[in-house]
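Commentary on secondary and tertiary structure
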Amino acid sequence: RFNTSRAASLKSLNMVVVYDAEGRVVHSIMDDIAEAGGTKQENPLKEIAPTICQYMNKEHCLDLIQYVCKYSDTLSDDLSEVEKVELYDINQEGMSIEVVLCRQDNCVCIHPEIPWYGNKVCTTADDVIESLSLMSRSCGLNGDI
């Protein structure tokens, strides 16, 4: 968790996100978009997502930061302002990561959606592990997921 004294100044960029009392994301604008278009599909990774997220947050937090740097345009290589990074959901198309950036007393929360390696569609735990491993290796990390 990030510094709660900084949480009061937390601002969200271009995303509508609802948090529960524990600080977990329970609803995002992506849910609204999917529902409005009638394209919301059942997530085949729904049952294993919490386990994978918990594992990645505990064991591979630095990998997550590197994924955001390499696979999105929301973070540069300067990680000095990163206060927190957390993988909070996965689906067949990719992963949802929360990054809190703080400079002095001002914090900003960003929520990049990172596609799986090579824009692969992942439907099993093995698919996800393989994609995470390839992503880590492409970031110069060891890839042992």
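Scroll up to find the structure.
This write-up is about the structure you can find in this document.

Parameters at a glance
Residues numbered from 1 in each chain as written. Predicted model: local features only at pLDDT ≥ 70, side-chain atom pairs only at ≥ 80, totals over all residues. Heavy atoms only, no water. Axes fitted to C-alpha atoms, helices over the stretch in contact; angles between N-to-C directions. Helix = DSSP H or I, 4+ residues; strand = E, 2+ residues; numbered from the N terminus. Parallel < 35°, antiparallel > 145°, perpendicular 65-115°, else oblique. Contact = heavy atoms within 4.5 Å. Nonpolar A, V, L, I, M, F, W, Y, C, P; charged D, E, K, R; others polar. Salt bridge = Lys/Arg side-chain N within 4 Å of Asp/Glu carboxyl O. Buried < 20%, exposed > 50% of the residue type's maximum accessible area, 1.4 Å probe, protein only. Core = buried A, V, L, I, M, F, W, Y, C linked by side-chain atoms within 4.5 Å. Disulfide = S-S within 2.5 Å. Polar contact = N/O pair within 3.5 Å; in protein donor to acceptor, adjacent residues only side chain to side chain.

1. Structural notes on the packing of helix α3 (residues 49-59) against helix α4 (residues 61-71)
Viewed as axis vectors pointing N to C, α3 and α4 meet at an angle of 100°, and their least axial separation amounts to 5 Å. In this view, α3 runs roughly perpendicular relative to α4, as classed from their interaxial angle. For the pair formed by α3 and α4, the contact residues are Met-56, Asn-57 and Glu-59 on the first element and Cys-61, Leu-64 and Tyr-67 on the second. Here the contact of α3 with α4 is built from residues that sort into four nonpolar, one polar and one charged.

2. Some points on the pattern of salt bridges
Under the definition given, this model contains six salt bridges. Ionic pairing is found between Arg-103 and Glu-81, a salt bridge with its closest N-O pair at 2.7 Å. With a gap of 22 residues between them, Arg-103 in strand β5 (residues 94-103) and Glu-81 in the loop between α4 and β4 (82-91) connect regions that are remote in the sequence. Residue classification places Glu-81 among the partly exposed residues on the basis of a relative accessible area of 25%.

3. A few points about the nonpolar core
As a rule of thumb, soluble globular proteins bury nonpolar side chains together. Counting 27 residues, the largest nonpolar core has Ile-90, Met-95, Ile-97 and Val-99 as the members making the most contacts within it. The set of elements that each furnish at least two residues to this core consists of α3, α4, β4, β5 and α5 (125-138). With five residues, α4 is the largest single contributor of residues to this core.

4. So, the state of the cysteines
Here, disulfide denotes a covalent bond that connects the sulfur atoms of two cysteines. Within this structure, the stated rule accounts for one disulfide. With its sulfur 2.2 Å from that of its partner, Cys-102 forms a disulfide with Cys-107. In this structure the cystine formed by Cys-102 and Cys-107 twists about its S-S bond by roughly 105°; its chirality is therefore right-handed. For the residue pair Cys-102 and Cys-107, the accessibility class agrees, reading buried in each case. Here Cys-109 stays unpaired: no disulfide links it, and the sulfur of Cys-102, its closest cysteine neighbor, is 9.5 Å away. Cys-139 takes part in no disulfide bond, and the closest cysteine sulfur to it belongs to Cys-69, at a distance of 8.2 Å. By relative accessible area, Cys-139 is classed as buried at 18%.

5. Examining the environment of Asn-57
Within the secondary structure, Asn-57 is located in helix α3. Between the C-alpha atoms of Asn-57 and Glu-86, which are 29 residues apart in sequence, the distance is 5.9 Å. Leave out the neighbours within four places in its chain, and Asn-57 touches Leu-64, Val-85, Glu-86 and Leu-87. At a separation of 2.7 Å, a polar atom in the side chain of Asn-57 contacts the main-chain amide nitrogen of Leu-87.

6. Quick look at the packing of α4 against α5
Look at α4 against α5: their axes get within 10 Å of each other, and the N-to-C directions meet at 70°. Comparing the axis directions of α4 and α5 gives the class roughly perpendicular. Residues Asp-63, Tyr-67, Lys-70 and Tyr-71 of α4 form the contact with α5, whose participating residues are Leu-132, Met-135, Ser-136 and Ser-138. Of the residues in the contact of α4 with α5, the class split is four nonpolar, two polar and two charged.

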